[in-house]
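Commentary on secondary and tertiary structure
Here is what each chain is made of, one letter per residue.
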Amino acid sequence: MHQTFTSLLSHEQCGQLLSAAQENIGLFKASQGVLRRMGASGNDVLSEYQFLKYWHMPDSLKSMVNASLPAELRKNSNEAWLLHFPKGGQLDRYLAAKPLFNCLSIPLNDGGVFELWDSGKAEALTNKAGDAYFFSLANEHQVPITQQDDWYLCFLFLHHIEVKPNA
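Residues numbered from 1 in each chain as written. Predicted model: local features only at pLDDT ≥ 70, side-chain atom pairs only at ≥ 80, totals over all residues. Heavy atoms only, no water.

Digging into the pattern of salt bridges
Filter applied, for reference: Every case where a carboxyl oxygen of Asp or Glu lies within 4 Å of a side-chain nitrogen of Lys or Arg is listed as a salt bridge. The helix count covers DSSP runs of H or I at least four residues long, the strand count covers runs of E at least two residues long, and both are numbered beginning at the N terminus. For every residue, the accessible area (1.4 Å probe, protein chains only) is compared with the maximum for its type, and the residue is labelled buried under 20%, exposed over 50%, or partly exposed between those bounds.
Within the structure shown, the criterion is met by three salt bridges. Note that K53 and E79 form a salt bridge whose closest N and O atoms lie 2.8 Å from each other. Of the two residues, K53 is situated in strand β3 (residues 50-53) and E79 in strand β4 (residues 79-85); the sequence distance between them amounts to 26 residues. Given a relative accessible area of 35%, K53 falls into the partly exposed group.

Quick look at the structure:
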């Protein structure tokens, strides 16, 4: 089961975060070697994306992330990072073995696709900048091969933490 929170961030906030992320693309790490996440396809289809964890962000980008989000989200999250999927990139279908963490994923640009499985059936969600997807990492999810550059701001929460960003 997953939830979609609409307009968690404004288009202006997304645009500012996207510009700042693009300016810092040189700090992102590639999902290669031990830094990749193997999904349902095993070694046959490796995920291809770039990431920048919160603790490696320059102070100006950290400040922008902090200023954009409700304090409760920042306070209760275990980890935060930016993801960049270049055109042709993907996150192979994945699910964690145990429901230890929930993820909040916020697209920073419109038009990409994020897929979440519910009751064994995939639901393709068309990204709208500023909306957010909240789901357990134990639920199947993927970013199918991208047709454009797609950017996300993501947060991890322990499974028992209640997340109500629009409250």
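A word on the nonpolar core
Going by this rule: As used here, the term nonpolar core means buried Ala, Val, Leu, Ile, Met, Phe, Trp, Tyr and Cys residues forming a set that is joined through side-chain atoms within 4.5 Å. A contact between two residues is defined here by any heavy atoms of the two lying within 4.5 Å.
By size, the foremost hydrophobic cluster in this structure holds 29 residues, and its most contacted members are L69, L104, I106, L108, L153 and F155. Counting residues per element, the ones that place at least two in this core are α1 (11-23), α2 (59-68), β4, β6 (101-107), β9 (132-136) and β11 (150-158). Of the residues forming this core, the biggest block, five residues, is contributed by α1. The residues touching F155, leaving out its near neighbours within four places in the chain, are V65, L69, S77, E79, A80, W81, N102, C103, L104 and I106. In this structure, Y49, L83, F85 and C154 belong to the second largest nonpolar core, which totals 18 residues.

Quick word on the sheet that holds strand β5 (residues 91-94)
Quick note on the threshold: In this description, strands pair whenever DSSP reports at least two bridges between them. Working convention: axes come from line fits to C-alpha atoms, limited for helices to the stretch in contact. Angles between N-to-C directions cover 0 to 180 degrees.
Taken together, the four strands give an open sheet; going across it, the order is β5-β10-β7-β8, and neighbouring strands pair in antiparallel fashion. Each having just a single partner strand, β5 and β8 (121-126) make up the two edges of the open sheet. Between one strand and the next, the sheet's axes are offset by a mean angle of 20°, whatever the strand orientation. Here strand β7 (residues 113-118) runs beside strand β10 (residues 141-143); their pairing, made up of two bridges, is antiparallel. Looking across to β10, one finds that E115 is bridged to Q142.

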